[in-house]
Amino acid sequence: DPARRRLRELAALSRRLQRVHPNVLAKALKQATVYQNEEIVAIDKPYGLPVHGGPGIKNCITDVLPILAKMLENAKAEPLHLCHRLDKETTGVMVLARSKEAAERIRLLFKTRQVEKIYWAISLGDPDPVEGVVEIPIVEKEVRSHQSHYKMTLAPNYRLSPEDGKVVKIRKNRHAESAVTRYRCLARSSACSLLELQPITGVKHQLRVHLAYGLGCPILGDHKYSHWSKLAPQKLPEITLRRLKLEQSKARHLPLHLHARRLSLPLGERLDLVCKPPLFFQKTLKRLELDVADD
């Protein structure tokens, strides 16, 4: 079955990326270059590739930046510099700087919210209303269960009083970070939606948490944030499984459908960097009949 084969291939992709020689990985990133000038290099980040190293990670983007710089320029080129990060499972536009000075300038643009970031996500269910702003602080908490783990979650400043249903202000969690996400629905079908997301702030897992816990529409393939109290594969509606030609028992292989579609940087004049969603994302859109005009 082609759907199952595609899922198996994606599950194997992360493992393959961990096994290749760093030179091979750098070459793949060179081929994924979508824009470059004397200051920056923009790449289309592949699925399943971590930006930073860590336990059990052999290959990551950071480690191959010196090799990539030499491949793009020459043997004397200084290593490229990270300007921001994307999660391992997120695909799309990522900006690298050719010098330390350029990197610091671009990091400041991100920090002062001058970079416009647009993501595409396929979500389970439809957000209500179909467009709006989620403004709820986020904090990291330990989930105490038979398999204890940490997750980002909402730390709202208000709650409804159980006695009379009135809105009550609650004491602010001092560890929570303010988080703001603008969203709008581009298409709906098969119990799923294609959403355009604009994170105004940059909190860890912000889009995933705001969609899952703020709007009740977790991202397709987000097995971490589809449940609060356990680590388990996402439960998919019958129509979604049917359209994807997938059994619920195989849902754990479904990749995260979150893509950094566009970055707009004010570097002199405004620079628009755009990446099409990866093939697996495009095929899912087609199978779910989520039709959208591609600009």
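Residues numbered from 1 in each chain as written. Predicted model: local features only at pLDDT ≥ 70, side-chain atom pairs only at ≥ 80, totals over all residues. Heavy atoms only, no water.

From N to C terminus, the protein chain includes seven helices and 14 strands. Against the globule reference of 19 Å for 295 residues, the protein chain gives a C-alpha radius of gyration of 20 Å, in line with a compact fold. Its C-alpha atoms put the protein chain at 70 × 50 × 45 Å along the principal axes. Here the protein chain holds 295 residues, and the buried ones make up 47% of them. For the protein chain, the computed accessible surface area is about 15,600 Å², with 49% contributed by carbon and sulfur atoms. (Helix = DSSP H or I, 4+ residues; strand = E, 2+ residues; numbered from the N terminus. Rg over C-alpha atoms; globule rule 2.2 N^0.38 Å. Buried < 20%, exposed > 50% of the residue type's maximum accessible area, 1.4 Å probe, protein only. Areas by Shrake-Rupley, 256 points an atom, 1.4 Å probe, with all protein chains shown as cover.)

Let's shift gears to helix α3 (residues 61-72). Within α3 the residues assigned to the buried category are I61, V64, L65, L68, A69 and L72. Projection of α3 onto a plane perpendicular to its axis shows the buried side chains occupying an angular sector of 160 degrees, all on one side. Lining the buried residues of α3 we find α2 (22-31), β1 (33-36), β2 (40-45), β3 (81-82) and β4 (91-97). (Arc of directions from axis to C-beta. Contact = heavy atoms within 4.5 Å.)

Right, let's get into the side chain of R98. Within the element layout of this structure, R98 appears in the loop between β4 and α4 (100-111). A residue is classified by how much of its surface remains accessible, and R98, at 14% relative accessible area, is buried. A polar side-chain atom of R98 sits 2.5 Å from a polar atom in the side chain of Q36. (Polar contact = N/O pair within 3.5 Å; in protein donor to acceptor, adjacent residues only side chain to side chain.)

Checked against the element boundaries, H259 lands in strand β13 (residues 258-267). Spatially, the C-alpha atom of H259 lies 15 Å from that of G202, the residues being 57 residues apart in sequence. Beyond its immediate sequence surroundings of up to four residues, H259 is in contact with D44, T91, G92, I118, Y119, W120, C275, K276, P277, P278 and F281. Looking at H259, its side chain comes within polar contact range of the side chain of T91, at 2.8 Å.

This part takes up the pattern of salt bridges. Between side chains of opposite charge, pairing is possible as soon as their charged atoms come close. Throughout the structure, instances matching the rule amount to 12 salt bridges. Here R98 ties to E73 by a salt bridge, and the two come within 3.1 Å at their closest N and O atoms. Note that R98 is positioned in the loop between β4 and α4 and E73 in the loop between α3 and β3, a separation of 25 residues in sequence. E73 gets classed as partly exposed once you look at its relative accessible area, which sits at 49%. With a shortest N-O distance of 3.3 Å, D272 and R262 are connected by a salt bridge. Here R262 lies in strand β13 and D272 lies in strand β14 (residues 269-274), a separation of 10 residues in the sequence. D272 gets classed as partly exposed once you look at its relative accessible area, which sits at 47%. One salt-bridge network, held together by shared partners, links R85, D87, R208 and D222. (Salt bridge = Lys/Arg side-chain N within 4 Å of Asp/Glu carboxyl O.)

Under the defined criterion, the tally for this structure stands at three aromatic pairs. Aromatic side chains Y213 and Y225 sit 6.0 Å apart centroid to centroid with 75 degrees between the ring planes, which places their arrangement in the edge-to-face category. Of this pair, Y213 sits in helix α5 (residues 206-214) while Y225 is found in the loop between α5 and α6 (238-243), placing the two residues 12 residues apart along the sequence. For Y213, a relative accessible area of 23% translates into the label partly exposed. Look at Y225 and you get buried, because its relative accessible area is 1%. Plain terms: the ring middles of Y213 and W228 are 6.0 Å apart, the flat faces sit at 80 degrees to each other, and that makes the pair edge-to-face. Here the residue Y213 occupies a position in helix α5, and W228 occupies one in the loop between α5 and α6, the gap between them amounting to 15 residues. Residue class for W228 comes out partly exposed when judged on its relative accessible area of 33%. By way of ring pairs, the aromatic residues Y213, Y225 and W228 are connected into one cluster. If you follow R261 out to its NZ or CZ, it ends over the ring of W120, 4.4 Å from the centre. (Phe/Tyr/Trp six-rings, centres within 6.5 Å; stacked < 30°, edge-to-face > 60°. Lys NZ or Arg CZ within 6 Å of the ring centre and 35° of its normal.)

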